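Structural overview
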Amino acid sequence: MDKNFQEEPFIGIIKFTPPLYKQRYQFIKDLVGKYKPKKVADLGCADCTLLQMLKFCSCIEVLTGLDICASVMKENMHRLSPLPGDYLQPAERPLTVTLHQGSVAHKDPCMLGFDLVTCIELIEHLEQSELKKFPEVVFGFMAPRIVVISTPNSEFNALLPGKALFRHPDHKFEWNRAQFQSWALETARRYDYSVEFTGVGHPPTGMENVGFCTQIGVFVRKYPQTSESAQSEKPTEAVYKTVFRAVYPSLKDEKYLKNAVLSEVIFTAQNIKRSLLDRLMAEHEEYNDDPVERKFQFQPSRNCFSEDLGKPVVEKSMEPFVDGNVVYVPLTTIFSFPKVKRLCGTFEKLCKFIAGKVTLSSDGSAVMFNTELENEEN
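A quick note: this is a predicted structure, and the numbers were derived from the prediction, not measured.

The subject of this paragraph is unusual backbone geometry. Residue P18 is reached from T17 by a cis peptide bond, and omega for that bond is -5 degrees. One can find P18 in the segment before α1 (20–35). Positive phi outside glycine occurs at A143, with the angle close to 45 degrees. Counting through the fold element by element, A143 comes out in the loop between α5 (128–142) and β5 (146–152). The phi torsion at D192 lies on the positive side, around 60 degrees, for a residue other than glycine. In this fold, D192 is placed in the loop between α6 (177–190) and β6 (193–200). Overall, D192 belongs to the partly exposed group, its relative accessible area being 40%.

The subject of this paragraph is the nonpolar core. One finds I28, V32, L54, I60, L63, L99 and V148 to be the most contacted residues of the largest nonpolar core, which totals 40 residues. What I28 contacts, discounting residues up to four positions off in sequence, is L50, L54, T118, I120 and V148. By size, the runner-up hydrophobic cluster in this structure holds 32 residues, among which are L66, L112, I123 and A188.

Our next topic: the packing of aromatic side chains. This structure, assessed with the given rule, holds 14 aromatic pairs. By the ring-pair criterion, three or more aromatic residues cluster together here, those being F134, F173, W175, F180, W183 and F197. Above the ring of F114, the side-chain terminus of K39 is found at 5.2 Å from the ring centroid. Across the ring face of F369, the terminal group of K273 is positioned such that the distance to the ring centre comes to 4.8 Å.

Turning our eyes to something else, we now look at the confidence of the model for the protein chain. Across the protein chain, the average pLDDT comes to 85, with 82% of residues at 70 or higher. Within the model, the stretch residues 1–12 combines pLDDT values under 50 with 17 contacts to residues more than four positions away or in other chains. For residues 292–316, every residue scores under 50 in pLDDT, and the model assigns this stretch 45 contacts once sequence neighbours within four places are set aside.

This paragraph deals with α6. The terminal C-alpha atoms of α6, which comprises 14 residues, lie 20 Å apart, in line with the 20 Å expected from a rise of 1.5 Å per residue. Among all positions in α6, only F180, W183, A184, T187 and A188 are buried. End-on, the buried residues of α6 take up no more than an arc of 130 degrees, which puts them together on one face. Projecting away from the buried face of α6 at angles above 90 degrees are the exposed residues A178 and R189. Buried-residue contacts for α6 involve α5, β5, β6 and β7 (214–221). Where α6 begins, the side chain of N176 points an oxygen toward the backbone nitrogen of A178, at a separation of 3.1 Å. Directly beyond the C-terminal end of α6, a positive phi value near 60 degrees is found at D192.

Mapped onto the secondary structure, Y21 falls in helix α1. Given a relative accessible area of 39%, Y21 falls into the partly exposed group. Remark: the alpha-carbon pair of Y21 and G201, spanning 180 residues in sequence, is separated by 9.4 Å.

Another aspect to go through is helix α11 (residues 347–354). Every buried residue of α11 is accounted for by L350, F353 and I354. Summarising the axial view, the buried residues of α11 lie within an arc of 85 degrees, below the 170-degree limit, and thus occupy one face. With respect to the buried face of α11, the exposed residues turned more than 90 degrees away are E348 and K352. With its phi angle positive at about 80 degrees, G356 sits one or two positions after the end of α11.

Further remarks concern the sheet that holds strand β4 (residues 116–120). Pairing is mixed across the open sheet formed by eight strands, whose spatial order is β6-β7-β5-β4-β1-β2-β3-β8. The sheet is open, and its two borders are formed by β6 and β8 (241–247), each paired with just one other strand. The sheet shows a mean angle of 15 degrees between the axes of neighbouring strands, taken without regard to direction. Examined bridge by bridge, strand β1 (residues 39–43) and strand β2 (residues 62–67) share five bridges and lie parallel to one another. Along β2, the bridge assignment pairs L43 with L66.

Quick notes on the rules
- Residues numbered from 1 in each chain as written.
- Predicted model: local features only at pLDDT ≥ 70, side-chain atom pairs only at ≥ 80, totals over all residues.
- Heavy atoms only, no water.
- Helix = DSSP H or I, 4+ residues; strand = E, 2+ residues; numbered from the N terminus.
- Buried < 20%, exposed > 50% of the residue type's maximum accessible area, 1.4 Å probe, protein only.
- Core = buried A, V, L, I, M, F, W, Y, C linked by side-chain atoms within 4.5 Å.
- Contact = heavy atoms within 4.5 Å.
- Phe/Tyr/Trp six-rings, centres within 6.5 Å; stacked < 30°, edge-to-face > 60°.
- Lys NZ or Arg CZ within 6 Å of the ring centre and 35° of its normal.
- pLDDT = per-residue confidence, 0-100.
- Expected span 1.5 Å × (residues − 1).
- Arc of directions from axis to C-beta.
- Polar contact = N/O pair within 3.5 Å; in protein donor to acceptor, adjacent residues only side chain to side chain.
- Pairing = 2+ DSSP bridges.
- Axes fitted to C-alpha atoms, helices over the stretch in contact; angles between N-to-C directions.

Below you can see the structure in the form of structure tokens.
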């Protein structure tokens, strides 16, 4: 550092953009994007802000929060509930969000099987007796694939205004980088993890020697945990209290899948019907035909289907047609559209899901629409 450099000008003007807590949460979100964990637990979840952010990550199917203070979670847990839009358009992946009240110094079988465990600004709030038990609970018992621990870097405190000792009155300690790394390396060694150190909250130019404002350790388990070893560590009974649980609607649930299939089938069939009728009307006007009720056989053309529906290969048996006042849209045509096929998987499931829900031809091969109803709509 320059001997003539004065620290005073930085006192009171340290400002992080975006705010430091958002940088910590973005770090976790980026890590989720990299490793794609399916089951994530946030220890010390407090107001559930990180959980609310992670629920939008498409890879996560199980999201769990743990905190010693139930009241803070209860005040904010409504943010983790499904929204009306989640029921109108269920996601393809399942998602269960659960909040538990309990201490990170205690073992509970509900915390087994996680891919990623986050401990954001948690350990500095632990009493010495809790901190002593913490590694065995998280790394020994839970043994997730990845553990992320963030904690204040006390070396940065000299740049923060009005910090006599600790950054928060509830902090029991604040480590410098050497102390945190010593603890982390020993913990990683004992439980067969590797650990890399980084952080968020860059220091001002000229003060780089103090390091990040928040120091972070990313622990990755070296060897897969066997199911036998996990089972042998299970306590006989649960010690956490569940305060919230939400199961999001998903296309993995056949009830929601049937509704999604039905909606997509009706949407697709109606678009095909409109394309057919528009084409026939254009031909009628072009040739000035008399409006005689007759059967029109549909001939596929490039403009027959709307662009957003795609252009499936139409075989003769798949051609929609008009007979009198009725439009017939073959199920094979509907099934040929990518989204319908992706939802159903098989043609047999398509038939099963829409049975009794739409009007079908006598042989069950086509969806039927009345052209008179089309005219009334217009």
